[in-house]
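# Overview (structure and organization)
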Amino acid sequence: MQIFGAALVFVCDENFSILHNGGIVFEEKQDRILKVGDYKELCALYPNAKMSFYPNAVLLPALINAHIHFEFGSHLAQFCYGDFGAWLDSLMTSRDEVLNSGNSSESIILQGINEQINAGVGSVGAISSYGNDMPILAQSPLRVVYFNEAIGSNPSAIDFLYSNVLERLKNSKSLASSTFIPALALHSPYSLHPIMAQKLIELAAKDLMPLSAHFLESAQEREWLTQSNGYFKGFFSQFMNAANSKSLYSPKSFLDMLIPLQNNALSLTHCLHITQEEASIIKSLNASIITCPRSNRLLNNAFFKREFLLDSHIPLAIGTDGKSSNNNVNLLDELRAALYAYPQEEILSLSQSLLLSATLYGAKALGLNNGSLQEGKNVDFAIFEFSQPLFQTHQSHPNQSPLQFILHATKPTHLFVSTKAIL
Ligand code: BEZ
Ligand code: FE2
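Here's a quick rundown of the structure. Not measured: the values here are computed from a predicted model.

## Brief notes about the site of ligand 1
- If you check the shell around ligand 1, you find I151, G152, S153, Y190, S191, F235, F236 and M240 and nothing else.
- Within the side chain of S153, an N or O atom sits 2.5 Å from an oxygen atom of ligand 1.
- Starting from 260 Å² of accessible surface for ligand 1 in isolation, the protein chains cover 90%.
- Looking at side-chain class alone, the shell around ligand 1 contains 5 nonpolar, 3 polar and no charged residues.

## So, the nonpolar core
- One finds L88, L258, I274, F304 and F405 to be the most contacted residues of the largest nonpolar core, which totals 107 residues.
- Two domains each provide a minimum of three residues to this core, namely domain 1 (2–62 + 371–421) and domain 2 (63–366).
- Apart from the residues within four sequence positions on either side, L258 is in contact with L186, I201, L211, L266, L268 and L285.
- If you look at the next biggest cluster of nonpolar residues, it comprises 15 residues, including F4, A6, V9 and Y54.

## Notes on the coordination of the iron ion (ligand 2)
- All of the protein donors around the iron ion (ligand 2) are H67 (NE2), H69 (NE2), H214 (NE2) and D321 (OD); their distances to the metal are 2.2 to 2.5 Å.
- For the iron ion (ligand 2), the 4 donor atoms in the first shell make angles of 84 to 168° at the metal, a pattern classed as irregular.
- Along the chain, the residues donating to the iron ion (ligand 2) are arranged with the sequence spacing H-x1-H-x144-H-x106-D. Of this pair, H67 sits in strand 5 (residues 63–68) while D321 sits in the loop between strand 12 (316–318) and helix 13 (331–341), placing them 254 residues apart in sequence.
- By relative accessible area, D321 is classed as buried at 5%.

## Description of the sheet that holds strand 7 (residues 143–150)
- The 8 strands lie next to each other as 5-6-7-8-9-10-11-12, forming an open sheet whose pairing is parallel. Whereas interior strands pair on both sides, the edge strands pair on one side only; in this sheet they are strand 5 and strand 12. With strand direction ignored, the average angle separating the axes of adjacent strands in the sheet is 25°.
- The pairing of strand 7 with strand 8 (residues 180–186) spans 7 bridges and is parallel. Within strand 8, the position partnered with V145 by the bridge is I181.
- Across the sheet, helix 5 (residues 158–174) lies against strand 6 (121–128), strand 7 and strand 8, angled at about 165° from strand 7, the strand it touches most.

## Some points on unusual backbone geometry
- In this structure, F16 is a non-glycine residue whose phi angle is positive, near 50°.
- Within the secondary structure, F16 is located in the loop between strand 1 (2–10) and strand 2 (18–26).
- Judged by relative accessible area, which is 5%, F16 ranks as buried.
- A positive phi angle, near 55°, is found at N241, a position not held by glycine.
- Structurally, N241 can be placed in the loop between helix 8 (231–239) and helix 9 (251–257).

## Details of the side chain of T419
- If you trace the backbone, T419 turns up in the loop between strand 14 (414–417) and strand 15 (420–421).
- Residue class for T419 comes out buried when judged on its relative accessible area of 12%.
- Residues in contact with T419, not counting those within four places in the same chain, are F26, E27, K29, Q30, D31 and V379.

## Some thoughts on the sheet that holds strand 1
- Taken in spatial order, the 7 strands line up as 3-2-1-4-13-14-15 in an open sheet, and their pairing is mixed. Sheet topology places strand 3 (33–38) and strand 15 at the edges, where each strand pairs with a single neighbour.
- Bridge count between strand 4 (residues 50–61) and strand 13 (residues 381–385): 5 bridges; the pairing is antiparallel. Bridge assignment links V58 to a residue of strand 13, and that residue is F384.

## What about the pairing of strand 11 (residues 288–291)?
- Burial along strand 11 is two-sided: S288 and I290 facing one way and I289 and T291 facing the other are all buried.
- Relative to strand 12, strand 11 runs parallel, the two sharing 3 bridges. Bridging from a neighbouring strand, I289 pairs with L316 of strand 12.

Parameters at a glance
Residues numbered from 1 in each chain as written. Chains lettered and ligands numbered in written order. Predicted model: local features only at pLDDT ≥ 70, side-chain atom pairs only at ≥ 80, totals over all residues. Heavy atoms only, no water. Near = heavy atom within 4 Å. Polar contact = N/O pair within 3.5 Å; in protein donor to acceptor, adjacent residues only side chain to side chain. Areas by Shrake-Rupley, 256 points an atom, 1.4 Å probe, with all protein chains shown as cover. Nonpolar A, V, L, I, M, F, W, Y, C, P; charged D, E, K, R; others polar. Core = buried A, V, L, I, M, F, W, Y, C linked by side-chain atoms within 4.5 Å. Buried < 20%, exposed > 50% of the residue type's maximum accessible area, 1.4 Å probe, protein only. Domains from an automatic or database assignment. Contact = heavy atoms within 4.5 Å. Donors = N, O, S within 2.8 Å, 3.2 Å for Na, K, Ca; no water. Tetrahedral: all angles 85-135°; square planar, octahedral: opposite > 155°, others 65-115°. Helix = DSSP H or I, 4+ residues; strand = E, 2+ residues; numbered from the N terminus. Pairing = 2+ DSSP bridges. Axes fitted to C-alpha atoms, helices over the stretch in contact; angles between N-to-C directions.

Set out below in structure tokens:
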């Protein structure tokens, strides 16, 4: 039995409860939190437990990076930012070079994994296009929801591409464990043939697998899906040898295809260009949205419109996206960027919401039983020690420790995933 306590415990429940001098109890090798509460009371209840208390520290659930690509890990300055079309053109031209130059080699993926651990991330939603990262992620100490991603709109290629994704899915199922969860991703409505999408949705529904898709990331994607016009018209004729092609979905027809997944962990990433009506459909699907603020700023000059959340109460998770659309994959840096992206919001409640995006709502998006320090949840937590207390109870102003945490957290001193200390 072990008890860990800290001056501040961020429970990461819906109300953002904070315990002063709180703690959690768990048993070695039993991946369930036994109790959460006042540290001294826990010590009195379990007098034989091993006890550790950290006075200038915050104890919170291990963070969740809900959307990251470990492949494409090692480029520097290859891609064009500031316009989604220019970025996709630059990706298409340098994709093979980036992948074939050993850039998705083991060391790059390990570097991405270390970057997660060093930022207090215990769980990731890993989007994999090729499967190169599979064995490394399966062996890593992270809890991984491994999204085998399907792409391909050309009907003559879909048999091959579909069998490729099935093969990757089969391989990931052979590595499945409580910390490596096979899942499926649909790349996006502009890049995936509906026949393949339909089959994968049926598979995911049957096995209750998590499923994720990029959705309405760019104005160009919206123009294509609603008018079959604009940037993607040129894209399909230039890169796909498919002049005169038309969008295979409307935004609504894509979302409607996901109806069989209402009981799955279902997430849509970006959603920068959704309408209120589409937000209502996303809500009715019981889906989560995942936002990647720095990627959105670099590729699309915009941040997710958080106003959509007020009326619809859609859970909003957060991710770093991959290095092809970010300067690093550090989730703490992502939270800091997000903090500065919404100057119209009250800063303390924004800080609390962002921390819930990186914990409670990340777990919801990925279908995990963690992200909150509550009885029965998995034993995934982080302790960040600071040189001074982030808040003292005698202070008269409101408890700003969630804001101070986002500003000052750099590296946890302890990180546990599935009861094991990984840092
Ligand atoms: C395709 O394979 O059809 C595709 C790939 C990337 C972007 C768009 C389409
Ligand atoms: Fe992505």
